[in-house]
Structures are given as C-alpha cells and as structure tokens.
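# A closer look at the structure
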Amino acid sequence: MSETDRVMETLRRVVDPETGVDIVTEGIVYGYTANELVTEIWMSFMSSTPACSFCKAIAWSLIDKISDRIVEELQKEGYQNVRVVDALNPEIYYKSA
C-alpha cells in the first residue's frame, strides 16, 4: 500500500459526527504532507462553518472533535507528530500533537 493510500484509508476512519460521513468522502480533506518530522493534514471546514455566532461555537466543537480523531487515528498508524492545518490559511492549526 502506498503512503498516500495508507494516510487516506486512515482518514476514512474519521467520521464527521454531524453527518455520519467520513471526512475524505465529505471532501473536507484537501491533502497532506508527510516527512520524518511531521505529518500535516490540510483541511477546509469553510463549507461546514455557518455564519451565525452561536452556530460557529457549535462548529468549532465539531472541528475540535474531528481534529482529535485525525490525530488519534494517525498516531495509531505510527505517525507521531501530526498537525491538522487550515488549507486556506496554513498559519492556523486546528490541532497539533
């Protein structure tokens, strides 16, 4: 299995708790970069982040849950340094472990 297949199969185990769909199928994974130091998963939650302030608080809670699961699943596969990065603004890290 190629590195790309391994990462994508791992990410398919992460399900959006709001929709019940895995994050790869849902289309919020834009890609990843991996080297011996860090694995970065590039995400875009823009389409799932509503405009209202209360809704954004709920959305951030979902983003946090999804990001936690990404880190957890990749660490199970041996990726130790994992970052979940905003695809549109790479200075934003949703999670880094």
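Description of the structure in this document. (Residues numbered from 1 in each chain as written. Predicted model: local features only at pLDDT ≥ 70, side-chain atom pairs only at ≥ 80, totals over all residues. Heavy atoms only, no water.)

For the protein, the helix and strand inventory stands at 3 helices and 4 strands. Going from the N terminus to the C terminus, the protein shows its helices and strands as α-α-β-β-α-β-β. A burial count over the protein gives 35% of its 97 residues as buried. A total of about 5,600 Å² of accessible surface is found on the protein, and carbon and sulfur atoms cover 53% of it. (Helix = DSSP H or I, 4+ residues; strand = E, 2+ residues; numbered from the N terminus. Buried < 20%, exposed > 50% of the residue type's maximum accessible area, 1.4 Å probe, protein only. Areas by Shrake-Rupley, 256 points an atom, 1.4 Å probe, with all protein chains shown as cover.)

Right, let's talk about the environment of L88 for a bit. Topologically, L88 is positioned in the loop between strand 3 (82-86) and strand 4 (93-96). Take L88: its relative accessible area is 60%, and that puts it in the exposed class. Placed 45 residues apart in sequence, L88 and M43 show a C-alpha to C-alpha distance of 8.3 Å.

Another aspect to go through is the environment of Y30. For Y30, the location among the structural elements is in strand 1 (residues 29-34). The class for Y30 is exposed, based on a relative accessible area of 56%. C-alpha of Y30 to C-alpha of S44: the two residues are 14 residues apart in sequence and 6.9 Å apart in space. When residues no more than four places from it in sequence are discounted, the contact partners of Y30 are W42, M43, S44 and A87. (Contact = heavy atoms within 4.5 Å.)

Residues in a regular strand point their side chains to alternate faces of the sheet. In this structure, strand 1 lies alongside strand 2 (residues 39-43), joined through 5 bridges in antiparallel fashion. Bridged to A34 within strand 2 is T39. (Pairing = 2+ DSSP bridges.)

In this section: the pattern of salt bridges. Scanning the model with the defined rule gives 9 salt bridges in all. The salt bridge involving R12 is made with E9; its shortest N-O contact spans 3.2 Å. Look at R12 and you get partly exposed, because its relative accessible area is 37%. (Salt bridge = Lys/Arg side-chain N within 4 Å of Asp/Glu carboxyl O.)

Scanning the model with the defined rule gives 1 aromatic pair in all. Judged by centre distance (5.8 Å) and plane angle (50°), the rings of W60 and Y94 are tilted. In this pair, W60 is assigned in helix 3 (residues 53-76) and Y94 in strand 4, connecting sequence segments 34 residues apart. When its relative accessible area of 46% is taken as the criterion, W60 is described as partly exposed. (Phe/Tyr/Trp six-rings, centres within 6.5 Å; stacked < 30°, edge-to-face > 60°.)

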